[in-house]
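Report on the structure
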Amino acid sequence: MHASNSRGQAPLCNVKEMKITKSRNLYPLDFLPEVSYMPVSVIITTFKKENVKRPLEGFGVLVPSKEQENGLKTLGTLFSSMMFPDRAPSDLCLYTTFVGGSRNKELAKASTDDLKQIVTSDLRQLLQAEGEPTFVNHFYWSKAFPLYGRNYGSVLEAIEKMEKNLPGFFYAGNHKDGLSVGKTIASGCKAADLVISYLESSSQEKMLKEGSLP
Ligand SMILES: Cc1cc2nc3c(=O)[nH]c(=O)nc-3n(C[C@H](O)[C@H](O)[C@H](O)COP(=O)(O)OP(=O)(O)OC[C@H]3O[C@@H](n4cnc5c(N)ncnc54)[C@H](O)[C@@H]3O)c2cc1C
């Protein structure tokens, strides 16, 4: 198997564009299903500690969709400076807030100014963070998460088909067995073990052919 992408790694949505050859022939990837990704904006804000009147303790909050009825538009907020005390100056609270996802795709693409207003409003409701944030940063991820939708079964089948039909091809990542960092690391470790066994058995086969093994 040969992939024309030199690093031989890519999210599933880009694998379809790769030129993979098997026995010198182009291996068609037309059976790969379309993969949907959800966009997310990440907004970092800081507030003066004295202005956060209800500083909840913990890792953060998730906002259930029902809370949209109460005007909350964010998906959740990590209390970054509480988890990592050196993350911000000691007189500030630093928050990492997520907006968008399948619940609110369009909002993920909003401008930094609009998102700042949304986050400020939600944090005011949730934490009684008063006034304007003293710092704002914004990162937009157009393909933040693959959607484990109705076609998830066909995605897994396609991955399985590639692994079966292309000796030396192994798939790991957030399309298989879970989205979280922990699960993708586990998926990578599993694939690495398979690669090692594959390489070991290939080199043993080669040595047997060359007669260098008894
Ligand atoms: C904003 C955000 C917040 C998150 N928060 C959390 C969290 O708090 N906890 C948690 O557990 N998970 C979280 N996740 C989910 C988790 O981080 C991801 O699901 C996981 O990191 C994905 O790992 P991966 O190896 O599958 O993909 P990635 O880490 O995205 O790796 C894909 C790699 O492929 C490379 N690549 C892309 N295109 C090509 C190409 N054509 N050719 C070659 N290489 C290519 C990229 O550069 C990248 O290095 C978050 C994700 C996002 C986006």
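Shown above is the structure to which this text applies.
Heads up: these notes are all about the structure in this document. Only a predicted model underlies this, so the values are computations on that prediction, with no experimental measurement involved.

**Here we look at the overall build of the protein**
- Helix and strand content of the protein: six helices and eight strands.
- Helices and strands appear in the protein in the N-to-C order β-α-β-β-β-β-β-α-β-α-α-β-α-α.
- The C-alpha atoms of the protein give a radius of gyration of 23 Å, which is well past the 17 Å a tight globule of 214 residues would have.
- Across its three principal axes, the protein shows a C-alpha extent of roughly 75 × 35 × 25 Å.
- Looking at the protein as a whole, 33% of its 214 residues are labelled buried.
- For the protein, the share of sequence-separated contacts (at least 6 apart) that also reach a separation of at least 24 residues comes to 65%.
- When the accessible surface of the protein is summed, it comes to about 13,400 Å², and 54% of that surface belongs to carbon and sulfur atoms.

**Regarding unusual backbone geometry**
- Even without a glycine there, the phi angle at Arg24 is positive, about 70 degrees.
- The topology assignment puts Arg24 in the loop between strand E2 (20–22) and strand E3 (25–26).
- Positive phi is not limited to glycine here, since Gln128 has a value of about 55 degrees.
- Looking at where Gln128 falls in the secondary structure, it is placed in the loop between helix H4 (112–127) and strand E8 (135–146).

**Focus on the pairing of strand E7 (residues 92–100)**
- A large share of E7 lies buried, amounting to eight of its nine residues.
- Sheet topology places strand E4 (residues 37–48) next to E7; nine bridges connect them, and they run antiparallel. For Thr45, the partnering residue across the bridge sits in E7 and is Tyr95.
- Note that strand E6 (residues 76–78) and E7 share three bridges and pair antiparallel. Bridge pairing in E7 places Thr77 opposite Thr97.

**Describing the environment of Tyr37**
- Along the chain, the position of Tyr37 falls in strand E4.
- As for Tyr37 and Lys143, which are separated by 106 residues in sequence, their C-alpha atoms are 5.0 Å apart.

**Some points on the sheet that holds E8**
- Read across the sheet, five strands follow the order E5-E6-E7-E4-E8 without closing on themselves; strand pairing throughout is antiparallel. In this open sheet, the two edge strands, each paired with only one partner strand, are strand E5 (60–62) and E8. Across the sheet, the axes of successive neighbouring strands diverge by a mean angle of 20 degrees, strand direction being ignored.
- Pairing geometry for E5 and E6, over three bridges, is antiparallel. The residue bridging Gly60 from the neighbouring strand is Leu78, located in E6.
- On the sheet, H4 packs against E4, E5, E6, E7 and E8 and is oriented at approximately 65 degrees with respect to E4.

**Some details on a nonpolar patch on the surface**
- A cluster of nonpolar residues, Phe145, Tyr148 and Leu179, forms a patch on the protein surface that exposes about 260 Å² of accessible area.
- Note on placement: Tyr148 falls in the loop between E8 and helix H5 (152–165).

**What about the nonpolar core?**
- Membership of the largest hydrophobic core comes to 19 residues, with the highest contact counts inside it found for Val52, Tyr95, Leu123 and Leu127.
- Of all the secondary structure elements, the ones that give two or more residues to this core are E4, E7 and H4.
- Apart from residues no more than four positions distant in its own chain, Leu123 is found in contact with Thr45, Phe47, Thr77, Tyr95, Thr97, Gln128 and Ala129.
- Ranked by size, the runner-up nonpolar core spans 17 residues in total, among them Val15, Val155, Phe169 and Tyr171.

Calculation criteria
- Residues numbered from 1 in each chain as written.
- Predicted model: local features only at pLDDT ≥ 70, side-chain atom pairs only at ≥ 80, totals over all residues.
- Heavy atoms only, no water.
- Helix = DSSP H or I, 4+ residues; strand = E, 2+ residues; numbered from the N terminus.
- Rg over C-alpha atoms; globule rule 2.2 N^0.38 Å.
- Buried < 20%, exposed > 50% of the residue type's maximum accessible area, 1.4 Å probe, protein only.
- Contact = heavy atoms within 4.5 Å.
- Areas by Shrake-Rupley, 256 points an atom, 1.4 Å probe, with all protein chains shown as cover.
- Pairing = 2+ DSSP bridges.
- Axes fitted to C-alpha atoms, helices over the stretch in contact; angles between N-to-C directions.
- Patch = residues over 30% accessible without salt bridge, like charges linked within 9 Å, V, L, I, M, F, W, Y side chains within 5 Å.
- Salt bridge = Lys/Arg side-chain N within 4 Å of Asp/Glu carboxyl O.
- Core = buried A, V, L, I, M, F, W, Y, C linked by side-chain atoms within 4.5 Å.

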